[in-house]
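For reference, the chains in residue letters:
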Amino acid sequence: MALIDIQVPDIGDFDQVTVIEILVKPGDTVKADQSLLTVESDKASMEIPSSHGGVVKELRVKLDDKVKQGSIVLVLEAEAGAPAAAVSVPAPAAPVAQAAAVAAPVAVASAPAAPVAAATPAQAMPAHEPTVVSGQLPHASPSVRKSAREIGVPLAEVKGTGPKGRITLDDVQGFAKSVMAGDVRTQAQTAKAPAGSGGSGGDGAALGLLPWPKVDFAKFGPIERKEMSRIKKISGANLLRNAIMIPAVTNHDDADITDLEAFRVSTNKENEKSGVKVTMLAFLIKAIVATLKKYPEFNSSLDGDAIVYKNYWHIGFAADTPNGLMVPVIRDADQKGVLKLSQEMGELAKKARDGKLSSAEMTGATFTISSLGGIGGKYFLPIINAPEVAIMGVSKSTMEPVWDGKQFVPRLMLPLSLTYDHRVIDGAAAARFNVYLGQILGDFRRVLL
Ligand code: CAO
């Protein structure tokens, strides 16, 4: 058996490089061309391959050592008759020295420190991996990147604990273990996560929250498990993102709709034969469009550091359907009368319930109204339908005693809950929005002013 000194080959323009990773240990059997260690300059990291196959007898470098072309990195007991690795061939002396070394094992063994010509470095580094230029890719050696690729770990999401924040093999393995244990979720998993996964705790873990409690409900009584509808999954994922990402505030107010409701009832009597029923929601849409025109920031979207003001008024309205919540959109609500709005809303709500809404009928809204008025309740906190910046929640109107300055009088009061993105809208603007909306609902003639 020949003992061969494995040296650092031609490493291009670099004078000295630092050993950042040792990939083998004494006793390891390596193949020709196998990576032995990783070195790093201030610009790149590279792997030093073995020019021969054999067993590692002795390491001659340790972590953080500085090495250069020709430095001995380890002593290898070469396989008997093992051909030199392709990379060691180019030096003309190599094959000869190799043969000599193999022919005189004892002599070489007795003088292990003497460099054996057989280990003449290759002329060029084999390109095992693309070199990494700091700042462009995660800071990790080629072998770590290779391991990450094999395990399926996204390096960009791994926090490096090595020198200068370098990602080590331990970091990669630790990340993989955390993902398997459910403590961490990769960005790809989060992006793919269905709505209900908020309940699985994965998203919470990404936010540094406690994992979602896992309970065997069957231990406490009979249960039935049902998959969520597709719509619920999709809307759930959107609601979760919007609830988490938008700093939302809700302002509540009441609007006096006593006269408006009387007008609506009489209009419906007049139009009984037309088949179109005028709804309170249609009046609300009309009043909200007028309010949006007065306060345009409510009809905007956030785009990076800019606010995009829209000069069109497409109003979405939440519709409760057997399959879950849907939001059909009435286009150009500013150009339509209350009768037309009522008719369109009826058609769109029916389509939503029948599952026949096209995607065009559910996109492009600039503001959304969520009305639970037909059902009941008083005030709620609606979640903004991003990328809109505000949503109006409407609850059931009730007769209430209202002080008119001299006495309490019975008035029909409509509870309003305006949720807004506080990055775009200030609380004072929201209060003004509700006040103005209430004034219009109290007396629609104000729209003409
Ligand atoms: N106060 C008191 N009564 C109200 C009211 C209000 N704010 N709004 C509606 N009503 C009355 C209507 O006048 C109607 O009464 P009549 O039958 O006596 O005329 C009754 O409630 C039913 O109205 P409706 O709900 O069918 O019609 P609408 O125009 O108010 O609403 C629609 C249409 C599609 C919005 C509604 O059917 C719906 O789906 N609402 C639920 C929306 C929702 O789920 N929001 C929550 C989203 S977050 O999960």
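Structure shown above.
Residues numbered from 1 in each chain as written. Predicted model: local features only at pLDDT ≥ 70, side-chain atom pairs only at ≥ 80, totals over all residues. Heavy atoms only, no water.

(A) Region of the structure containing the overall build of the protein. Across its full length, the protein carries eleven helices and 19 strands. When each of the 449 residues of the protein is scored for burial, the buried share is 41%. Accessible area of the protein: about 24,000 Å², with a carbon and sulfur share of 58%. (Helix = DSSP H or I, 4+ residues; strand = E, 2+ residues; numbered from the N terminus. Buried < 20%, exposed > 50% of the residue type's maximum accessible area, 1.4 Å probe, protein only. Areas by Shrake-Rupley, 256 points an atom, 1.4 Å probe, with all protein chains shown as cover.)

(B) The arrangement of the nonpolar core in detail. Within the largest apolar cluster, 52 residues are counted, with the highest numbers of intra-cluster contacts made by F298 and F367. For this core, the element with the most residues is helix α9 (residues 280-294), which contributes eleven residues. By size, the runner-up hydrophobic cluster in this structure holds 21 residues, among which are V8, I11, L36 and M46. (Core = buried A, V, L, I, M, F, W, Y, C linked by side-chain atoms within 4.5 Å.)

(C) The arrangement of α9 in detail. Over its 15 residues, α9 extends 21 Å from the first C-alpha to the last, a length consistent with the 21 Å expected when each residue adds 1.5 Å. In terms of residue burial, α9 counts as a mostly covered element, since twelve of its 15 residues are buried. For α9, the full list of buried residues reads M280, L281, A282, F283, L284, I285, A287, I288, V289, A290, T291 and L292. (Expected span 1.5 Å × (residues − 1).)

(D) Layout of the pairing of strand β4 (residues 35-40). Most of β4 is tucked away, with six of its six residues classed as buried. As paired strands, strand β2 (residues 17-22) and β4 are joined by four bridges and run antiparallel to one another. Residue E21 lies in a different strand from β4, and its bridge partner there is T38. The sheet contact formed by β4 and strand β5 (residues 45-49) spans five bridges and is antiparallel. Counted as the bridge partner of E40 is S45 from β5. (Pairing = 2+ DSSP bridges.)

(E) Structural detail: the sheet that holds strand β1 (residues 2-7). With respect to topology, four strands assemble into an open sheet ordered β1-β8-β6-β3, the strand pairing being antiparallel. Looking along the sheet, the strands with just one partner apiece sit at the ends: β1 and β3 (29-30).

(F) Spatial organisation of the site of the ligand. Around the ligand, 19 residues are found, and the nearest of them are K277, D320, S370, S395 and S397. Between the ligand and R264, the relevant distance is 3.2 Å, taken from an oxygen atom to a side-chain nitrogen or oxygen of the residue. Contact between the ligand and D320: an oxygen atom at 2.8 Å from a main-chain N or O atom of the residue. Relative to its unbound accessible area of 960 Å², the ligand is 66% covered by the protein chains. Of all elements in the fold, only β13 (319-321) and β16 (367-371) reach the threshold of two or more residues within the shell around the ligand. (Near = heavy atom within 4 Å. Polar contact = N/O pair within 3.5 Å; in protein donor to acceptor, adjacent residues only side chain to side chain.)

(G) The sheet that holds β4, seen in detail. On the basis of which strands lie adjacent, the open sheet formed by four strands has the order β5-β4-β2-β7 and antiparallel pairing. Edge strands, defined here as strands with exactly one partner in the open sheet, are β5 and β7 (66-67). Packed onto the sheet, helix α3 (residues 142-151) meets β2, β4 and β5 and runs at close to 95° relative to β5. (Contact = heavy atoms within 4.5 Å. Axes fitted to C-alpha atoms, helices over the stretch in contact; angles between N-to-C directions.)

(H) Summary view of helix α10 (residues 338-353). Spanning 16 residues, α10 covers 22 Å between terminal C-alpha atoms, matching the ideal 22 Å at 1.5 Å per step. For α10, every residue scored as buried is listed here: V338, L341, S342, E344, M345, L348, A349 and A352. Buried positions along α10 lie against α9, β12 (315-317), β13, β14 (324-326) and β15 (329-330). Just past α10, the residue G355 takes up positive phi, approximately 70°.

(I) A look at unusual backbone geometry. The linkage connecting A386 with the following residue, P387, adopts the cis geometry, with an omega of 10°. The topology assignment puts P387 in the loop between β16 and β17 (390-394). A positive phi is found at D33, a non-glycine position, where the angle reads about 85°. Position of D33 relative to the elements: it lies in the loop between β3 and β4. Looking at D33, the relative accessible area reads 32%, which means it is partly exposed. Here D64, not a glycine, exhibits a phi torsion of approximately 75°, which is positive. As for its position among the elements, D64 is in the loop between β6 (54-59) and β7.

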